[in-house]
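# Coordinate inspection notes
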Amino acid sequence: MTTHFTEDHEWIKVDGEEGVIGITVHAAEQLGDVVFVELPEVGKTVEKGDELAVVESVKAASDIFAPVSGEVIAVNSALEAEPAKVNEAPEGEGWFVKLKVKDASELADLMDEAGYKAHIA
Amino acid sequence: MTETLHLTPLHALHLELGAKMTPFAGYDMPLQYEGIMAEHLHTRAHAGLFDVSHMGQARITGDVSALEDLTTIDLSTLKVGEQRYTLLLNKDGGIMDDLMVSRPDEDGIFIVVNAATKTQDFAYMRAHFGDRATLTEYPERALLAIQGPDAVKAVEALNADGAKMIFMQTGHFNLDGIDVIMSRSGYTGEDGYEISVKAEEAADLARKVLADTRVKPIGLGARDSLRLEAGLCLYGHDMDESRSPIEASLIWAVAKSRRERADFPGAQRILKEIAEKPAQKRVGFVMRDRAPAREGAEIVINGDVVGVVTSGGFGPSADKPVGMGYIATEHAAIGTEIEILIRGKARGAEIVKMPIVEHRFYRG
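Definitions and limits used
- Residues numbered from 1 in each chain as written.
- Chains lettered and ligands numbered in written order.
- Predicted model: local features only at pLDDT ≥ 70, side-chain atom pairs only at ≥ 80, totals over all residues.
- Heavy atoms only, no water.
- Helix = DSSP H or I, 4+ residues; strand = E, 2+ residues; numbered from the N terminus.
- Expected span 1.5 Å × (residues − 1).
- Buried < 20%, exposed > 50% of the residue type's maximum accessible area, 1.4 Å probe, protein only.
- Arc of directions from axis to C-beta.
- Axes fitted to C-alpha atoms, helices over the stretch in contact; angles between N-to-C directions.
- Parallel < 35°, antiparallel > 145°, perpendicular 65-115°, else oblique.
- Left-handed = near helix turned anticlockwise from the far one by under 90°.
- Contact = heavy atoms within 4.5 Å.
- Nonpolar A, V, L, I, M, F, W, Y, C, P; charged D, E, K, R; others polar.
- Core = buried A, V, L, I, M, F, W, Y, C linked by side-chain atoms within 4.5 Å.
- Lys, Arg positive; Asp, Glu negative; His and termini not counted.
- Salt bridge = Lys/Arg side-chain N within 4 Å of Asp/Glu carboxyl O.
- Pairing = 2+ DSSP bridges.
- Buried area = accessible area lost by both parts, 1.4 Å probe.
- Polar contact = N/O pair within 3.5 Å; in protein donor to acceptor, adjacent residues only side chain to side chain.

Residue and element names in this part refer to chain B. Taking 1.5 Å per residue as the helical rise, helix 4 (residues 118–129) with its twelve residues ought to reach 16 Å, and the 16 Å between its terminal C-alpha atoms agrees with that figure. When helix 4 is considered as a whole, its buried residues turn out to be Lys118, Asp121, Phe122, Met125 and Phe129. Projected onto a plane normal to the axis of helix 4, the buried residues spread over an arc of 90 degrees and lie on a single side. More than 90 degrees from the buried face of helix 4, the exposed residues found are Thr119 and Ala127.

Right, dumping it as structure tokens:
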């Protein structure tokens, strides 16, 4: 299982054909208290860079973009009742969407952890 | 284009306290320290210290009734030691700003206007005053607010007389060696104080206040969510020059004597709106689910757009998304079921009485 990062602070953990997507600790800190997450419908297909979800903090709404193309196969519906999980464990229980990755070669455009750390430094 | 941001006298203290800063009305201001939610709840449970030095402070001397010509206040009933809220109107009765007017002493009146509008306000006032009255700005003064149920204890520790004030009283006080103009008022719906202090003594005063462990520094983020729950307008959002005091549901800020005399700007329009009701008015709402409605979202009933959200967000004390907006008056009744379009999806909401979180002003 490898984790890839986008410049927009999403992460995707890929295991075989499936990728779990969320936002980074850095992004969660920048957003502040998350009060609502709007998740896509299961079955929706997205292209890399499409709006995938919306995360609302006390102050503002922010778009979450698809790191790669694919089909939504699961969403973290626990976030409806407990959006604060995004702040508590953004790279764990606060995940957003599970995607069936359409084209694994798109992952090559993303950063690895060291690259992302340098990006936010 | 990058403009150089102004710094308040507390700027270095904000950085020292670990604030996340944000540009606001030309100033580099603290958005938050530990987090908006925690700061909001701390203010309602204990007390918060706010830097509002970006706001415009000034004194008007001479024939101060010149200010009445532009506003809805009756200065004849404003005694020394009292403060009042009023509205600065353009000739059509549109709201140019909302402001606090007070008499901390015998020397004319003291006003506090919004940061984003201060330059325009002061120019408008001076142009109207001519030789009748003089407006002296106080750029060398900082403005601090202490808000929350423990604010009185924090102030009392610095000067026992502070606790004897009631809501909307004002005066000169010495807070543990620092001379200030202090009113019992604020922008959170809580009991509290607003304190005008010389810039060079502002950080010293802030440190004295923060030495009280009941008081935490609070940023603009929580200031916004607190005032929203309290049903208090944010100028440029919940009111502007296109809105009259009646549309803005601020009839109480138009002095009765002024209504009788019909001698304020736009009086004809405003009195007509009082008699016949305006086409739209400002209301508060709460969402049925957890999605916050933001400024600009459309309010619909049965698929028809009947209004617009002017302020909206999550209310930490209400524990649900709250907001305010303008809606066609026939739909403005408390309890009306509405829908608000959020990213294309209609979500249920209800018009509710404002304030959404009850005011706790100290009225003696």
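We now examine the packing of helix 2 (residues 36–45) of chain B against helix 7 (residues 220–229) of chain B. Residue and element names in this part refer to chain B. At a closest axis distance of 8 Å, the pairing of helix 2 and helix 7 adopts a crossing angle of 55 degrees. Taken together, the axis directions place helix 2 and helix 7 in an arrangement best described as oblique. The hand of the helix 2/helix 7 crossing is right-handed. The segment helix 2 lies against helix 7, with Ile36, Glu39, His40, Thr43 and Arg44 engaging Gly221, Ala222, Ser225, Leu226 and Glu229. Taken together, the residues of the contact of helix 2 with helix 7 sort by class into three nonpolar, four polar and three charged.

This part takes up the nonpolar core. If you look at soluble globular proteins, the nonpolar side chains tend to sit buried side by side. By size, the foremost hydrophobic cluster in this structure holds 53 residues, and its most contacted members are B:Met239, B:Ile338 and B:Ile340. With 28 residues, the next largest nonpolar core counts B:Leu10, B:Ala142, B:Val152 and B:Val197 among its residues.

Here the focus is unusual backbone geometry. Residue and element names in this part refer to chain B. The omega torsion across methionine 354 and proline 355 is -5 degrees, close enough to zero to call that bond cis. Along the chain, the position of proline 355 falls in the segment after strand 19 (345–352). For alanine 25, which is not glycine, the phi dihedral falls at a positive 50 degrees. Along the chain, alanine 25 turns up in the loop between strand 1 (20–24) and strand 2 (27–32). Positive phi values are uncommon outside glycine, yet lysine 277 reaches one of about 70 degrees. Residue placement: lysine 277 occurs in the loop between helix 9 (267–276) and strand 14 (280–287). Residue classification places lysine 277 among the exposed positions, given a relative accessible area of 60%.

Inspection of the secondary structure assignment puts B:Arg243 in the loop between helix 7 and helix 8 (256–261). B:Glu247 provides the closest opposite charge to the buried, salt-bridge-free B:Arg243, at an N-O distance of 4.1 Å.

Once that is clear, we can look at the sheet that holds strand 15 (residues 298–301) of chain B. All names here are of chain B. Within the closed barrel, the six strands sit side by side as 14-17-16-15-18-19. Their pairing is antiparallel. Put simply, the sheet's adjacent strands are angled 45 degrees from each other on average, direction ignored. With eight bridges joining them, strand 16 (residues 304–315) and strand 17 (residues 320–328) adopt antiparallel strand pairing. When the sheet's bridge partners are listed, glycine 313 is paired in strand 17 with valine 322.

Tallying the contact residues gives 17 residues for chain B and 14 residues for chain A. Both sides of the chain B and chain A interface together cover about 1300 Å² of buried area, and 51% of this is carbon and sulfur. At the boundary of chain B with chain A, the tally comes to five salt bridges. Across the salt bridge formed by A:Glu38 and B:Arg347, the nearest N and O atoms sit 3.1 Å from each other. Inspection of the region where chain B meets chain A yields ten residue pairs in polar contact (both at pLDDT 80 or more). Considering only residue class, the side of chain B that touches chain A consists of seven nonpolar, four polar and six charged.

What follows covers the sheet that holds strand 2 (residues 10–15) of chain A. Residue and element names in this part refer to chain A. Ordered in space as 1-2-3-9-8-5, the six strands form an open sheet in which the pairing is antiparallel. Each edge of the sheet is formed by a strand with only one pairing partner; in this case those strands are strand 1 (2–5) and strand 5 (45–46). Inspection of the sheet shows strand 8 (residues 70–75) paired to strand 9 (residues 97–101) by five bridges, in the antiparallel sense. Its bridge partner being in strand 9, glycine 70 is matched across the sheet by valine 101.

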